[in-house]
Every structure is written in C-alpha cells, then in structure tokens.
Amino acid sequence: MAEPTRLLLLRHGQTALSVERRYSGHGDPVLTELGRAQAAAAAERLAEQGGVDVIVSSPLARARATAQAVADAIGLGVEVHDGLIETDFGAWEGLTFREAAERDPELHSRWLGHDDVAPPGGESFAQVGQRLAQTRSDLVDRYRGRRVLAVSHVTPIKSLLREALGVGPELLFRLHLDLASLSIAEYFPDGGSVVKLVNDTGHLPAVPQRLS
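Residues numbered from 1 in each chain as written. Predicted model: local features only at pLDDT ≥ 70, side-chain atom pairs only at ≥ 80, totals over all residues. Heavy atoms only, no water.

(A) Here's a closer look at the overall build of the chain. When helices and strands are counted, the chain shows eight helices and six strands. Taken from N to C terminus, the helices and strands of the chain fall in the order β-α-α-β-α-β-α-α-α-β-α-α-β-β. For 212 residues, the compact-globule estimate of 2.2 N^0.38 gives 17 Å, and the C-alpha radius of gyration of the chain, at 17 Å, lies within 12% of that figure. Burial statistics for the chain: of 212 residues in total, 47% are counted as buried. If you take every contact in the chain between residues at least 6 apart in sequence, the share linking residues at least 24 apart comes to 68%. Element-wise, carbon and sulfur atoms account for 50% of the exposed surface of the chain, whose accessible area totals about 10400 Å². (Helix = DSSP H or I, 4+ residues; strand = E, 2+ residues; numbered from the N terminus. Rg over C-alpha atoms; globule rule 2.2 N^0.38 Å. Buried < 20%, exposed > 50% of the residue type's maximum accessible area, 1.4 Å probe, protein only. Contact = heavy atoms within 4.5 Å. Areas by Shrake-Rupley, 256 points an atom, 1.4 Å probe, with all protein chains shown as cover.)

(B) Looking closely at the nonpolar core. In terms of nonpolar packing, the biggest core is built from 22 residues, with Leu7, Leu9, Val56, Tyr143, Val148 and Tyr187 touching the most fellow members. The greatest single-element share of this core, amounting to five residues, is contributed by helix H7 (residues 154–165). With residues near it in sequence (within four places) discarded, Tyr143 still touches Thr5, Val54, Val56, Glu79 and Val148. (Core = buried A, V, L, I, M, F, W, Y, C linked by side-chain atoms within 4.5 Å.)

(C) Representation of the sheet that holds strand S5 (residues 182–187) within the structure. Pairing is mixed across the open sheet formed by six strands, whose spatial order is S3-S2-S4-S1-S5-S6. Strands at the two margins of the open sheet, each flanked by one partner only, are strand S3 (79–80) and strand S6 (193–200). Where helix H2 (residues 33–49) meets the sheet, its contacts fall on strand S1 (5–11), strand S4 (147–152), S5 and S6, and the angle it forms with S1 comes to roughly 155°. Helix H6 (residues 125–142) contacts S1, strand S2 (54–57), S3 and S5 of the sheet and is inclined by roughly 130° relative to S1. (Pairing = 2+ DSSP bridges. Axes fitted to C-alpha atoms, helices over the stretch in contact; angles between N-to-C directions.)

(D) Structural view of H2. If you check H2, its first and last C-alpha atoms are 25 Å apart, about what 17 residues at 1.5 Å a residue would give, namely 24 Å. Residues of H2 that are buried sit in contact with S1, helix H3 (61–74), S4, S5 and S6. Once H2 ends, the next one or two residues include Gly50, with phi positive near 70°. (Expected span 1.5 Å × (residues − 1).)

Now the structure itself:
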C-alpha cells in the first residue's frame, strides 16, 4: 500500500565495440554518433513524460554520457554509483564471441550456461548479481519512495530484473536488451518487487529488421 521506489533502468547508447559485437566490460569506449543520438532520444522521452527524481550512473564513460544527456534535458545532476559498472570480462575484454570461444573453448562453453563461471581474470555473472543486489539495496534505502533513473549496462540491468522477478540465472542467457532501451522495476517497503517494463525502445528511430 506504500509508494514503491521506482528504478528506471536505461542501457547506454552505442559504442564502437557495440558495432563490432565485442565484449565490452570495464573498458571505456565512448559513444558513437549513433550512440549520442540514442541518448538524446531517451532524454527527450524522459523529459516529456517526467517522473524522474534522481539520476545515477555507472562510472564508465558510455553510461555517464547517456546519463548526462538525460540530466541536461530534465535539469538534474548525475550521481555516479560504482555498483552499476558492467561485468569485468577479464582477458575477453574487446574480443568477439568467436575470438573468445577460440581462445578458451571449454571455459567459454561453460560460461555460456553457468552463472558461477568467470572469464579468465574476470567476474562471473553470479558475482555481478551479488554486487547488483547490494547496489539495489543501497539505492532503495537512499531514495526510498522516489523515482530513480539508473543508467547502466546489459548485465547489471538483467541482474536487477532477475532479482526483481525472483527467477533463476536462465534469464541472463535468454533475455535480450537493446542499446538505449528502458526497463522499469519497482520495490516496495515490505520487500516485494514488480517489473513494469522490459526493453522498451519506443523512443528510438525504427530500424528495419532482417527476417532471415
């Protein structure tokens, strides 16, 4: 019956590594021209619909630039929360899927289906989930009953949605989140949570989809 704390989860816009479909974790590529346009489109949408009290961002440049675009549009500052950073992909940072699979075939195969397996020198999805559970707790405690825009990355957002839904690690491997997509989860004082929106890209220009 009490007002929930709402987390609006915005994935950052496109980078050069996104274009080449390379693992992009703690590396710090900047937004491409399209990425900046995606951030601007998200900012326009959020400014028009209102409903944001606080903006927090991953410390990485691609997320901070996306967050700043929204902040400029709605007149708020950006707070950085290190817990929103992307997965550390270790030795696979900057590699394509194929390159990582060729480098570590057995490990890469196990990593694709088990959240407790980590890349060489990197972070497992289970570790990311633990980090994001603490991050969510921090944000909900700090901004109780408010509407918080959290600008982050694909795995942290999936981890937050997974926790809010109370489902297993399969979601991490089966849910797709587009660049600059918006998802929403709400957290209630009694510990309950609901997911209101997943991977909404209605603010982005339409891109023709290949059917083959």
